[in-house]
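# Architecture at a glance
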Amino acid sequence: QKEVEQNSGPLSVPEGAIASLNCTYSDRGSQSFFWYRQYSGKSPELIMSIYSNGDKEDGRFTAQLNKASQYVSLLIRDSQPSDSATYLCAVASSGSARQLTFGSGTQLTVLP
Amino acid sequence: DTAVSQTPKYLVTQMGNDKSIKCEQNLGHDTMYWYKQDSKKFLKIMFSYNNKELIINETVPNRFSPKSPDKAHLNLHINSLELGDSAVYFCASSQQNSPLHFGNGTRLTVT
């Protein structure tokens, strides 16, 4: 059984702070890793993808991957109230998105 | 232009009824999916079709039957609805190794 674990939160940070979201996965053969953001009542939207060890930065978002530790994280710098949402970690066992396993999500609240 | 569209957005029905949810994508993707999201926000894959052929069929009751008339459409038919079927159902699509694009979801409530 492939599992993806996330701290469900809620995680609260003040505006302007760094929000750190963590995810661990059980399948060592996992190749692709994604972070989705889901606002309440809306569909998940992709914000980051990462495929190799290390950091990947996109604007205020940084994804970090450590395959040896089976750990992937998302950092949000200069957090804004508009970042308040549930963040879903998703892991694919092959290079394809066809077999994505999602974590249960971390609810983030950015306090003004 | 809506990339992945599903209808209806809300569906309220009684136990025992049969209902369908429709999904269409105009992205030219070759793979479409149905996901179920429960009240705890847990997203779980139900089915995946690649070019109209079923490639993923997770453990779901056989009351759920997907149908793909062409690679741009994937419909979900549910027979004999039960209370536990209440959830948000998301259609999604992808192309080869690209990430998923989700539809807006159908909130199903079974009373």
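Preceding this section is the structure that the text describes.
Now for a description of the structure that goes with this document. (Residues numbered from 1 in each chain as written. Chains lettered and ligands numbered in written order. Predicted model: local features only at pLDDT ≥ 70, side-chain atom pairs only at ≥ 80, totals over all residues. Heavy atoms only, no water.)

## Comments concerning the interface of chain B and chain A
Rules: Should any heavy atoms of two residues lie within 4.5 Å, those residues are counted as being in contact. Here the buried area means the combined drop in accessible surface, using a 1.4 Å probe, for two parts upon being joined, counting both sides. Here a salt bridge means any side-chain nitrogen of Lys or Arg lying within 4 Å of a carboxyl oxygen belonging to Asp or Glu. Distance and chemistry together define a polar contact, namely a pair of N or O atoms within 3.5 Å, with one atom able to donate a hydrogen and the other to accept it when in protein, and with adjacent residues in sequence counting only for side-chain atoms on both sides. Helix and strand labels come from DSSP, where a helix needs a run of H or I of at least four residues and a strand needs a run of E of at least two; each type is numbered from the N terminus. Residue classes follow a fixed rule: Ala, Val, Leu, Ile, Met, Phe, Trp, Tyr, Cys and Pro count as nonpolar, while Asp, Glu, Lys and Arg count as charged, and any other residue, Gly among them, counts as polar.
Taken together, the contacts link 22 residues of chain B with 20 residues of chain A. Both faces considered, chain B and chain A share a buried interface measuring about 1,700 Å² in area, 53% of it formed by carbon and sulfur atoms. Across the contact surface, chain B and chain A share zero salt bridges. Linking chain B with chain A are three residue pairs in polar contact (both at pLDDT 80 or more), by the criterion used here. Residue assignment for the side of chain B that touches chain A shows that the elements contributing at least two residues are β4 (31–37), β5 (43–50) and β6 (53–57) of chain B. Per element, the largest residue contribution to the side of chain B that touches chain A is four residues, and it comes from β4(B). Here the residues of the side of chain B that touches chain A sort into 11 nonpolar, eight polar and three charged.

## A short note on the state of the cysteines
Defined as follows: Pairs of cysteine sulfur atoms within 2.5 Å are identified as disulfides in what follows. We call a residue buried when its accessible area falls under 20% of the maximum for its residue type, exposed when it is over 50%, and partly exposed in between, using a 1.4 Å probe and counting protein chains only.
Applying the stated criterion across every chain yields a total of two disulfides over all chains. What pairs with C23(A) in a disulfide is C89(A), and their sulfur atoms sit 2.1 Å apart. Where C23(A) bonds to C89(A) through sulfur, the torsion about that S-S bond is close to -75°, and the disulfide is left-handed. With C23(A) in strand β3 (residues 19–25) and C89(A) in strand β9 (residues 85–92), this pair connects stretches of sequence that are 66 residues apart. The exposure class assigned to C23(A) is buried, which follows from its relative accessible area of 1%. Residue C89(A) is classed as buried on the basis of its relative accessible area of 1%. Here C23(B) pairs with C91(B) through a disulfide, and the sulfurs are 1.8 Å apart.

## Quick word on the packing of aromatic side chains
For the record, the criterion: Put simply, two rings from Phe, Tyr or Trp (the six-membered ring, in Trp's case) pair if the centres are within 6.5 Å, and we call them stacked under 30 degrees between planes, edge-to-face over 60, tilted for the rest. Charges are assigned to positions over rings by a cutoff of 6 Å between ring centre and Lys NZ or Arg CZ, combined with an angular limit of 35 degrees from the ring normal.
A complete count under the given rule lists 10 aromatic pairs over all chains for this structure. An aromatic cluster is present here, built from Y36(A), F102(A), Y33(B), Y35(B), F90(B) and F102(B) joined pairwise through their rings. Sitting over the face of the ring of F61(A), R60(A) holds its NZ or CZ atom 5.6 Å from the ring centroid.

These figures come from the coordinates and say nothing about function on their own.
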